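Topology and contacts: notes
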Amino acid sequence: MWLIISWWAAILATVAYIYSKNPKTYRLDWLCLMFWGLAVMVLVDHVLGFIIESGEFIEISVEGTLIGIMMLTPILVVWEISALISKRRTSSSESLVER
Amino acid sequence: MACFLMPMAVAVLISLFRKKIPNILMINILNLLLWGGVFGLAIEHIAHGEIVPYPPFLTAGLEYVISEMIIIGIPMTMSVAGIWMFIVLTINGPLDKFFKLSKSSMTSVSSIQK
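Once a new chain begins, its residue numbering starts again from 1 and follows that chain's sequence as written. Following the order in which they are written, the chains are lettered starting with A and the ligands numbered starting with 1. pLDDT decides what is reported in this predicted model: residues at 70 or higher carry local features, side-chain atom pairs at 80 or more are listed and counted, and totals for whole chains, interfaces and linings draw on all residues regardless. Computation of side-chain values covers all heavy atoms of the structure but excludes hydrogens and water.

Next up on the list: the overall build of chain B. The secondary structure listing takes helices from DSSP runs of H or I that are at least 4 residues long and strands from runs of E that are at least 2 residues long, numbered from the N terminus. The number of helices and strands found in chain B is four helices and zero strands. For chain B, the succession of helices and strands along the chain, N to C, is α-α-α-α. In chain B, the share of contacts with a sequence separation of at least 24, taken over all contacts with a separation of at least 6, comes to 65%. Roughly 6400 Å² of accessible area belongs to chain B as shown, and the carbon and sulfur atoms make up 74% of that amount. Two residues qualify as a contact provided that any one of their heavy atoms is within 4.5 Å of a heavy atom in the partner residue. Only the protein chains shown count as cover for residues, and all accessible areas are computed by the Shrake-Rupley method using a 1.4 Å probe.

Every contact between the two is made by 32 residues of chain B and, on the other side, 27 residues of chain A. Accessible area that two parts lose when put together, with a 1.4 Å probe and added across both, is what the buried area reports. Summing both sides of the interface, chain B and chain A together bury roughly 2500 Å²; the carbon and sulfur share of this comes to 77%. Basic side-chain nitrogens of Lys or Arg form a salt bridge, by our definition, when they fall within 4 Å of a carboxyl oxygen of Asp or Glu. Our count for the chain B to chain A interface comes out at zero salt bridges. Each polar contact in these results corresponds to two N or O atoms within 3.5 Å; when the atoms are within protein, one needs to be able to donate a hydrogen and the other to accept it, and residues that are neighboring in sequence are counted only if both atoms are side-chain atoms. Between chain B and chain A we count zero residue pairs in polar contact (both at pLDDT 80 or more) in total.

A word on helix 1 (residues 2-19) of chain A. Given a helix with a known number of residues, its expected span is that number minus one, times 1.5 Å. Compared with the 26 Å implied by 1.5 Å per residue over 18 residues, the 26 Å span of helix 1 of chain A between its first and last C-alpha is a close match. Those residues of helix 1 of chain A lying buried are Trp2, Leu3, Ile5, Ser6, Ala9, Ala10, Ala13 and Tyr17 of chain A. Exposed residues in this analysis have more than 50% of their type's maximum accessible area, buried residues have under 20%, and partly exposed residues fall in between, with area computed by a 1.4 Å probe over protein chains only.

Residues and elements named next belong to chain A. Under the pairing criterion, centres of Phe, Tyr and Trp rings, with the six-membered ring standing for Trp, must be within 6.5 Å; the plane angle then separates stacked pairs below 30 degrees from edge-to-face pairs above 60, leaving the rest tilted. Summed over the entire model, instances satisfying the criterion amount to two aromatic pairs over all chains. Ring geometry for Trp7 against Trp36: centres 5.1 Å apart, planes inclined by 85 degrees, an arrangement best described as edge-to-face. Linking Trp7 in helix 1 with Trp36 in helix 2 (residues 28-53), this pair joins segments that are 29 residues apart in sequence. The class of Trp7 is partly exposed, set by a relative accessible area of 27%. The class for Trp36 is partly exposed, based on a relative accessible area of 24%. The ring of Trp30 has Arg27 lying over it, and the distance from NZ or CZ to the ring centre is 4.7 Å. Placement of a charge over a ring requires the Lys NZ or Arg CZ to be within 6 Å of the ring centre, with the centre-to-atom vector within 35 degrees of the ring normal.

Turning to the environment of Ile21 of chain B, a few remarks are in order. Relative to the elements of secondary structure, Ile21 of chain B occurs in the loop between helix 1 (5-17) and helix 2 (27-47). A C-alpha to C-alpha distance of 36 Å links Ile21 of chain B and Thr59 of chain B, two positions 38 residues apart in sequence.

The structure is reproduced here in C-alpha cells:
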C-alpha cells in the first residue's frame, strides 16, 4: 500500500510543481525529487521482494496505509523547513532591494 | 531489513563531497533523490520493528543485513542513480536534442547553499 501512496505523493508534488507560479520559492523541486526518490526505491523494494519471496505485490491493508502516510512525514518536515528558510531569504532580499 | 543503508551511505558521501563534484553533474538532484528515499524507508523499517533506537540498532542478524544490502540496496541505489543520469543527460547531454528540457525552467534545482 505504501507503494501506491508514495507514487501518488510524487505525482501530486510534480503536478503542484508544474502548475505553481513560483515553485522555487517554496522548494517544490526538492519535494518532487525526494518523493520520486522514495517512489523509485519503494518500487524496487516491492519488485525484488515479490521476485524473491512471492506473495502479493501490493497488499491493501490499514497498516500499510498508515505506514505509507508515515513515510511521507519526514520528507514533508524537511521540505517545510527548507521552504521556510527559502521564503525568509526571499523576503529579506526583497526588503534589501526596496531600501 | 536494512536495504536503505546502501543508498544512505552513498547519500552521506555525496553530501560530504558535493562541493568537489562539478556543477554540470547536478549532484543536488541525486542527493535529494537518495535522501528522500532514505527518510521514507527508515520510517518504514522503524514501523516494522527492524530498526530500534538503541544498539545494535538492527534487529536482524548481520548476515541478513549484508545480504539485504547487496540484493536490494544496490539495485535500489543503481535505479536512483540511473534516473539521475537520465536527467543529467537529458538536460546537459546528448539527449537534450530530443527532449529540449534545458530550455525549460524546470531543470534547475535550488542549491542547498541558496
